[in-house]
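Given next are the chains, with one letter for each unit.
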Amino acid sequence: MYGLTLTLHSLIRWVVIIVGVAVVVRSLVGFFGDRKWAQLDDRLGLIFTSSMDLQLLLGLLLYVVSPLTRAAMSDMGAAMSSAPLRYFAVEHVIIMIVAVVLAHVGRSRSRKAVGDHSKFKQAAIFYTLAMLAVLLAIPWPFMENFADRPWIRLGL
């Protein structure tokens, strides 16, 4: 179960990133340009928030079954002094929950906004903040403590 969940979490990350970049680009182009809010803009927001929700559920499941977080929870004091353990036990999960909230706020506010410019403004602000949080909280292989992590995990 752990291997499958970890693989799915790794793969869905790329869905979140690709759709997130698309929704941010479309919302920024719409905000700074003179575009009409289209059904595609609404659908991309829905796909973005839905993929974020799925990713959060997989992440929370990993939080429960991962040997890394189990080790961190068994000795929180030691985990706080270990950058990788602290990252997965506290930092990653908190930042990602904030990102999911920002995405949902963006979707809700853009749907309720009156006028195309206002819809794009709300989407641009909140989807951009959500994507920045996601990109900040991913344990990238080029980061100091995560050099051994693969870009895509396929260990089913």
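Residues numbered from 1 in each chain as written. Predicted model: local features only at pLDDT ≥ 70, side-chain atom pairs only at ≥ 80, totals over all residues. Heavy atoms only, no water.

Novice: Got a minute to help me understand the overall build of the protein chain in this structure?
Specialist: Within the protein chain, the regular secondary structure consists of six helices and zero strands. For the protein chain, the succession of helices and strands along the chain, N to C, is α-α-α-α-α-α. Projected onto the principal axes, the alpha-carbon positions of the protein chain cover approximately 55 × 30 × 25 Å. Residue burial in the protein chain is summarised as follows: out of 156 residues, 41% are buried. Long-range contacts, defined here as pairs at least 24 residues apart, represent 73% of the contacts in the protein chain between residues at least 6 apart. With an accessible surface of roughly 8,400 Å², the protein chain has 70% of that area assigned to carbon and sulfur atoms. (Helix = DSSP H or I, 4+ residues; strand = E, 2+ residues; numbered from the N terminus. Buried < 20%, exposed > 50% of the residue type's maximum accessible area, 1.4 Å probe, protein only. Contact = heavy atoms within 4.5 Å. Areas by Shrake-Rupley, 256 points an atom, 1.4 Å probe, with all protein chains shown as cover.)

Novice: For this particular structure, what's the right way to read the pattern of salt bridges?
Specialist: Any two side chains of opposite charge can pair, so long as their charged atoms come close to each other. Under the defined criterion, the tally for this structure stands at five salt bridges. In this structure, the salt-bridge partner of Arg107 is Asp42, at a minimum N-O distance of 2.8 Å. In this pair, Arg107 sits in helix 5 (residues 83–112) while Asp42 sits in helix 2 (residues 39–65), placing the two residues 65 residues apart along the sequence. A relative accessible area of 12% means that Arg107 is categorised as buried. (Salt bridge = Lys/Arg side-chain N within 4 Å of Asp/Glu carboxyl O.)

Novice: I'm lost on the packing of aromatic side chains in this one. Help?
Specialist: Any aromatic ring pair is given by two values, namely how distant the centres are and how the planes are angled relative to each other. By the definition in use, this model includes 11 aromatic pairs. On the basis of an interplanar angle of 85 degrees and a centroid distance of 5.0 Å, the ring pair of Tyr87 and Phe88 is categorised as edge-to-face. For the pair shown, Tyr87 and Phe88 are each scored as buried. Following the ring pairs from residue to residue traces out a cluster consisting of Trp14, Trp140, Phe142 and Trp151. (Phe/Tyr/Trp six-rings, centres within 6.5 Å; stacked < 30°, edge-to-face > 60°.)

Novice: Teacher, can you tell me more about the packing of helix 1 (residues 2–32) against helix 6 (residues 116–137) here?
Specialist: For any two helices packed against each other, the geometry is given by the interaxial angle and the distance between the axes. Where helix 1 contacts helix 6, the axes come no closer than 8 Å and their chain directions differ by 145 degrees. Crossing handedness for the pair helix 1 and helix 6: left-handed. Across the interface between the two elements, Val16, Ile17, Gly20, Val21, Val23, Val24, Arg26, Ser27, Leu28, Gly30 and Phe31 from helix 1 touch His117, Phe120, Lys121, Ala123, Ala124, Tyr127, Thr128, Met131, Val134 and Leu135 from helix 6. (Axes fitted to C-alpha atoms, helices over the stretch in contact; angles between N-to-C directions. Left-handed = near helix turned anticlockwise from the far one by under 90°.)

Novice: Just checking my understanding: could you explain the packing of helix 2 against helix 5 for this structure?
Specialist: As a packed pair, helix 2 and helix 5 sit with axes 10 Å apart at the nearest point and diverge in direction by 155 degrees. Put simply, helix 2 runs roughly antiparallel to helix 5. Read as a crossing pair, helix 2 and helix 5 show a hand that is left-handed. On helix 5, the residues that touch Asp42, Gly45, Leu46, Phe48, Thr49, Met52, Asp53, Leu56, Leu60 and Tyr63 of helix 2 are Phe88, Ala89, Val93, Ile97, Ala99, Val100, Ala103, His104, Arg107 and Arg111. Tallied by class, the residues present in the contact of helix 2 with helix 5 amount to 13 nonpolar, three polar and four charged. (Parallel < 35°, antiparallel > 145°, perpendicular 65-115°, else oblique. Nonpolar A, V, L, I, M, F, W, Y, C, P; charged D, E, K, R; others polar.)

Novice: Help me out: how do you make sense of a nonpolar patch on the surface in this one?
Specialist: Judged by side-chain polarity, Leu11, Phe142, Trp151, Ile152 and Leu154 come together as a nonpolar surface patch covering roughly 550 Å² of accessible area. Its place among the elements puts Ile152 in the segment after helix 6. (Patch = residues over 30% accessible without salt bridge, like charges linked within 9 Å, V, L, I, M, F, W, Y side chains within 5 Å.)

Novice: Mind showing me how you'd approach the environment of Gly115 here?
Specialist: The residue Gly115 is located in the loop between helix 5 and helix 6 in this model. On a C-alpha basis, the gap between Gly115 and Trp37 in space is 8.3 Å, while along the polypeptide they are 78 residues apart.

Novice: Which parts of the structure should I look at to understand the side chain of Ser27?
Specialist: Of note, Ser27 is situated in helix 1. Taking relative accessible area as the criterion, Ser27 reaches 3% and is therefore assigned buried. Of the polar contacts made by the side chain of Ser27, one reaches the backbone oxygen of Val23; its length is 3.0 Å. (Polar contact = N/O pair within 3.5 Å; in protein donor to acceptor, adjacent residues only side chain to side chain.)

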